[in-house]
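A look at the structure
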Amino acid sequence: MAQKVAITGNEAVALAMKQINPDVVAAYPITPQTEIVQIFSTYVNNGLIDTEFVTVESEHSAMSATVGAASAGARAMTATSANGLALMWEIVYIAASNRLPIVMPVVNRALSGPINIHCDHSDAMGARDSGWIQLWSENTQEAYDNMIQAVRLAENPNVQLPVMVCMDGFIISHAMENAEVLPDEVVREFIGDYTPQKTLLDKENPVTAGPLAFTDSYFEFKRAQAEAMIQAKPYVLEVAREYAKVSGREYGLFETYKLEDAEVGIVVLGSTAGTAKNVVDKLRGQGFKAGLLKPRVFRPFPAEELATALGHLKALAVMDRADSFNAFSGPLFAEITAAMYDSGAQTKIVNYIYGLGGRDVGLGDIEKVYGHLARIAESGKVDQRLNYLGVRE
Amino acid sequence: MANLRELSKEDLFLSSGHRMCAGCIAPVVVRMMSMAAAGRNVVVGNATGCLEVATTIYPYTAWKCSWVHNAFENAAATISGVEAAYKALRRKGKVKDDYKFIAFGGDGGTYDIGLQSLSGAMERGHDMVYVCYDNGAYMNTGIQRSGATPKFADTTTSPAGKVVPGKTQWRKDLTAIMVAHNIPYAAQVAPGHWNDFITKGAKAIDVDGPAFINALAPCPRGWRYDTADGIEMCRLAVDTCIWPLYEVVNGEWKLTYKPKQKRPVADFLKAQGRFRHLTDEMIQEFQAQVDRDWEALLKRCGEA
């Protein structure tokens, strides 16, 4: 029987890791991910699981040891935030290129500098081109559910890509929420036994992992990697369908909220989607046709599906909790507008950069965005494409 | 110990035709470690460097055992992950055979950029051997100075110029740094003394816990000697006491070879193009430092 519990995001992720019982976890503490490592180590040291827990001296070594373990055929995981992910950077790319099915919770936190421990998406957004699948979570429940689905998705023989499970630092990681957790045996049965296609620990079939690929082969490796990501989308949905059977909770590439008949809408990732849904309800009560789309799967990027879901809107605001510092827009805006352009949609689109370094985003802030969209919908003109929300200027 | 003729018949984990330069001693280091590991299942980890790039140009490989390369600075962390996987999978009954784990890195990947990764792996106590093949510079990228480059050496980033005569600093004592990690086994070896090398290699592999071996690996391009003279360079380094052969077992220092007659450092320095610019004063300064280090080592080993 599934159980309703009061649990923080970090506790839920650590619990999911316990239920997954990976062969190897190599991790290093960093705020706000630290609790995951702490809680997990108590599971190990109390004999509740039989994971080999490698207490590395840095995140660079965390990802390096995880790559080593996965190359040796282990179900291997790590976890990080912000600067920790930045320190891993070099190896994050190698993990994807080597097609290692590593699962890594990323507790989203602002990248330095200035140093700041609070939530934004600059860490995971920076890794958007690293070749990892990215699943984003709105709350504790989704973080837990994404963790369990991530294992099955990463290890699918047709996918074989690492997966980041993103959850907002502090807002989700440290907030107590009600969530439904599955019994251990249901999780274990759902993820199944892992049988690697190749392993370093097979003396009859030695492998050379990570060779030098010159101009005559590198491009083919990268093309194959690109194809794996292109082909991953149906498996994301397949795993979600299977997960719905055991959990009763349904997941897609994204979630829409009152979007079908909406005239204006916003696209927003993570916990802010929860805030925005409240605003949508309020505006709907006033007869204003507001809607929302919350991406769950940012990699692979579901361009056609997003354009289809958003194309009827008169005005759209894409909200980015990370800046690209490209003098144009945040990362989510750039990709959504590219998808919309391709579909021929006539929607007017603006970008809002918000919540950097944990800057609070209230109902009033979101209402302002919808107000801006109402003006654009009425005039049919975008006055200002790039906007910063809730900042002193 | 078998004799060299018998050892040469062993099925080594690094094949011939590996594409390393003629006269390079790094593959000799690897093949001696393979002789030391004879009869065991081995997984090799390799830092980015000459050895890695030359031996695994896709779609070819010179490695007959399983081998993993990740990046430059993380061979120790990577093989520690492999070892952790082995422990877990063995415990769960998914791996039945015994395996040993050996990481190879050059001095750049070990003394410098990979030092933190190595230190962490040694401190955590993984059952692995890390072998540094020390050729005294970043040879793969074209002979740049490293923390292992001897003082005065002419490299492409410490050129012997009109004002600065090559590298201005002494080498770092990496073997002693590894000993300070309280690991059960650390040793210095040079392939000119093959029996000493293979004996230590086998001890390192069989010891329970982390072991470190610092292996001298002359480079004909960087050192500028004739390609036939690599082993002679090793012997000169050992007999001048520039590269002493010793082991440290559970903190006990032991000299494993004492030259009958200590040769002057000039014999080593003058045999190589990288030291061609040295003046007599510089050679004297070099000699004085080697003498001090040798005396200190003799004391540590209870020989003085």
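Thresholds, definitions, all that
- Residues numbered from 1 in each chain as written.
- Chains lettered and ligands numbered in written order.
- Predicted model: local features only at pLDDT ≥ 70, side-chain atom pairs only at ≥ 80, totals over all residues.
- Heavy atoms only, no water.
- Disulfide = S-S within 2.5 Å.
- Phe/Tyr/Trp six-rings, centres within 6.5 Å; stacked < 30°, edge-to-face > 60°.
- Buried < 20%, exposed > 50% of the residue type's maximum accessible area, 1.4 Å probe, protein only.
- Lys NZ or Arg CZ within 6 Å of the ring centre and 35° of its normal.
- Pairing = 2+ DSSP bridges.
- Helix = DSSP H or I, 4+ residues; strand = E, 2+ residues; numbered from the N terminus.
- Contact = heavy atoms within 4.5 Å.
- Axes fitted to C-alpha atoms, helices over the stretch in contact; angles between N-to-C directions.
- Right-handed = clockwise from strand over helix to strand, strands pointing away.
- Polar contact = N/O pair within 3.5 Å; in protein donor to acceptor, adjacent residues only side chain to side chain.
- Domains from an automatic or database assignment.
- Buried area = accessible area lost by both parts, 1.4 Å probe.
- Salt bridge = Lys/Arg side-chain N within 4 Å of Asp/Glu carboxyl O.
- Core = buried A, V, L, I, M, F, W, Y, C linked by side-chain atoms within 4.5 Å.

**Notes on the state of the cysteines**
Residue and element names in this part refer to chain B. Applying the stated criterion across every chain, the model contains zero disulfides over all chains. Sulfur of Cys132: no disulfide; nearest cysteine sulfur belongs to Cys50 and is 12 Å away. Distance from the sulfur of Cys301, which forms no disulfide, to the nearest cysteine sulfur (Cys241) is 11 Å.

**Regarding the packing of aromatic side chains**
Applying the stated criterion across every chain yields a total of 20 aromatic pairs over all chains. Residues Tyr246 of chain B and Trp253 of chain B carry aromatic rings whose centres are separated by 5.4 Å and whose planes lie at 25° to one another, so their mutual orientation is stacked. Exposure class is identical for Tyr246 of chain B and Trp253 of chain B. Each is buried. Ring pairs connect the aromatic residues Phe152, Trp170, Trp223, Tyr225, Phe268, Phe275 and Phe286 of chain B, which therefore count as one cluster. Above the ring of Tyr257 of chain A, the side-chain terminus of Lys277 of chain A is found at 5.8 Å from the ring centroid.

**A closer look at the sheet that holds strand β4 (residues 129-134) of chain B**
Spatial ordering of the open sheet is given by β9(A)-β2(B)-β1(B)-β3(B)-β4(B)-β6(B)-β5(B)-β7(B)-β8(B), a layout of nine strands whose pairing is mixed. The open sheet has two edge strands with one neighbour each: β9 (208-209) of chain A together with β8 (252-255) of chain B. In terms of strand pairing, β4 of chain B meets strand β6 (residues 211-216) of chain B through six bridges, oriented parallel. Bridging across to β6 of chain B, Tyr133 of chain B finds its partner in Ala215 of chain B. Contacts from helix α4 (residues 75-91) of chain B reach β1 (42-46), β2 (66-69), β3 (100-106) and β4 of chain B, with the element oriented near 170° to β3 of chain B.

**So, the sheet that holds strand β10 (residues 254-257) of chain A**
Residue and element names in this part refer to chain A. Taking strand neighbours across the sheet as the criterion, the six strands line up as β10-β12-β11-β14-β15-β16 in an open arrangement whose pairing is mixed. Two strands lie at the open edges of the sheet, namely β10 and β16 (386-389), each paired on one side alone. Neighbour-to-neighbour, the strand axes of this sheet turn through a mean angle of 20°, independent of strand direction. As defined by bridge partners, β10 adjoins strand β12 (residues 290-295) across four bridges and the pair is classed as antiparallel. Residue pairing across strands places Phe254 opposite Pro295, the latter belonging to β12. Relative to the sheet, helix α10 (residues 272-285) contacts β10, β11 (264-267), β12 and β15 (348-354), its axis offset from that of β12 by approximately 165°.

**Side note on the pairing of β12 of chain A**
All names here are of chain A. Of all the six residues making up β12, six are buried; the element is thus mostly covered by neighbouring parts of the structure. Strand direction decides the pairing type here: β11 and β12, joined by four bridges, are parallel. For Gly265, the partnering residue across the bridge sits in β12 and is Gly291. In this fold, the crossover linking β11 to β12 by way of α10 has right-handed handedness.

**Quick word on the environment of Asp239 of chain B**
Residue and element names in this part refer to chain B. Locating Asp239 in the fold gives a position in helix α10 (residues 230-239). Spatially, the C-alpha atom of Asp239 lies 9.5 Å from that of Asp267, the residues being 28 residues apart in sequence. Filtering out sequence-adjacent residues up to four positions away, Asp239 remains in contact with Tyr257, Pro259, Gln261, Lys262 and Arg263. In terms of polar contacts, Asp239 uses its side chain to reach the side chain of Tyr257, at 3.0 Å.

**Details of the domain arrangement of chain A**
All names here are of chain A. By the assigned domains, chain A splits into domain 1 (3-247) and domain 2 (254-389). Centre-to-centre separation of domain 1 and domain 2, based on C-alpha positions: 28 Å. In this assembly, 28 residues from domain 1 lie in contact with 28 residues from domain 2. Regarding the contact of domain 1 and domain 2, the summed buried area is about 2100 Å², with carbon and sulfur atoms giving 55% of it. In this assembly, domain 1 and domain 2 are joined by six salt bridges. Among the salt bridges present, the one from Glu138 reaches Lys294, with a minimum N-O distance of 2.7 Å. Linking domain 1 with domain 2 are 17 residue pairs in polar contact (both at pLDDT 80 or more), by the criterion used here. Every element with two or more residues in the side of domain 1 that touches domain 2 is listed here: α5 (122-126), β6 (133-136), α6 (140-155) and α9 (233-247).

**Quick notes on the interface of chain B and chain A**
With 42 residues of chain B in contact, the opposing surface of chain A contributes 45 residues. Counting each side, the surface lost to burial between chain B and chain A is near 3200 Å², with a carbon and sulfur contribution of 56%. Among the residues of chain B in contact with chain A, Tyr58, Asn70 and Lys92 of chain B are the three that bury the most area, contributing 18% of the side total. Taken together, chain B and chain A are joined by seven salt bridges. Here Arg91 of chain B ties to Glu52 of chain A by a salt bridge, and the two come within 2.9 Å at their closest N and O atoms. Elements with a contribution of two residues or more to the side of chain B that touches chain A: α3 (50-55), β2, α4 and α6 (115-124) of chain B. Ranked by residues supplied to the side of chain B that touches chain A, first place goes to α4 of chain B with twelve residues.

**A few points about the environment of Val29 of chain B**
Residue and element names in this part refer to chain B. As for its position among the elements, Val29 is in helix α2 (residues 26-36). Taking relative accessible area as the criterion, Val29 reaches 0% and is therefore assigned buried. Taking C-alpha positions, Val29 is 8.7 Å from Phe197, a pair spaced 168 residues apart along the chain. Residues within four places of Val29 in sequence aside, it is in contact with Val131, Tyr133, Pro191, Phe197, Ala215, Leu216 and Ala217.

**Quick look at the nonpolar core**
Residues Tyr144 and Ile336 of chain A together with Phe13, Trp63, Ile102, Phe104 and Tyr130 of chain B are the most contacted members of the largest nonpolar core, which totals 219 residues. Counting contributing residues per domain, this core is built from domain 1 (3-247) and domain 2 (254-389) of chain A, each supplying no fewer than three. If we skip the residues at most four places from it in the chain, Tyr130 of chain B touches Ala75, Ala76, Ala103, Gly105, Gly109, Thr110, Leu118, Met122, Ala211, Phe212 and Ile213 of chain B. Counting 24 residues, the second largest nonpolar core, distinct from the first, contains Val350, Val361, Ile366 and Tyr370 of chain A.

**Re the pattern of salt bridges**
Residues and elements named next belong to chain A. For the structure shown, the criterion picks out 40 salt bridges over all chains. The partner of Lys294 in a salt bridge is Glu142, with the nearest N and O atoms 2.6 Å apart. Pair noted here: Lys294 is in strand β12 and Glu142 is in helix α6, with a separation of 152 residues, a long-range link. A residue is classified by how much of its surface remains accessible, and Lys294, at 3% relative accessible area, is buried. Linking Glu305 and Lys233 is a salt bridge whose minimum nitrogen-to-oxygen distance equals 3.2 Å. Taken together, the residues Glu305 in helix α11 (residues 303-310) and Lys233 in helix α9 connect sequence positions 72 residues apart. With a relative accessible area of 18%, Lys233 lands in the buried category. Connected through salt bridges with shared partners, the residues Glu138, Glu142, Glu255, Lys277 and Lys294 form a single ionic network.

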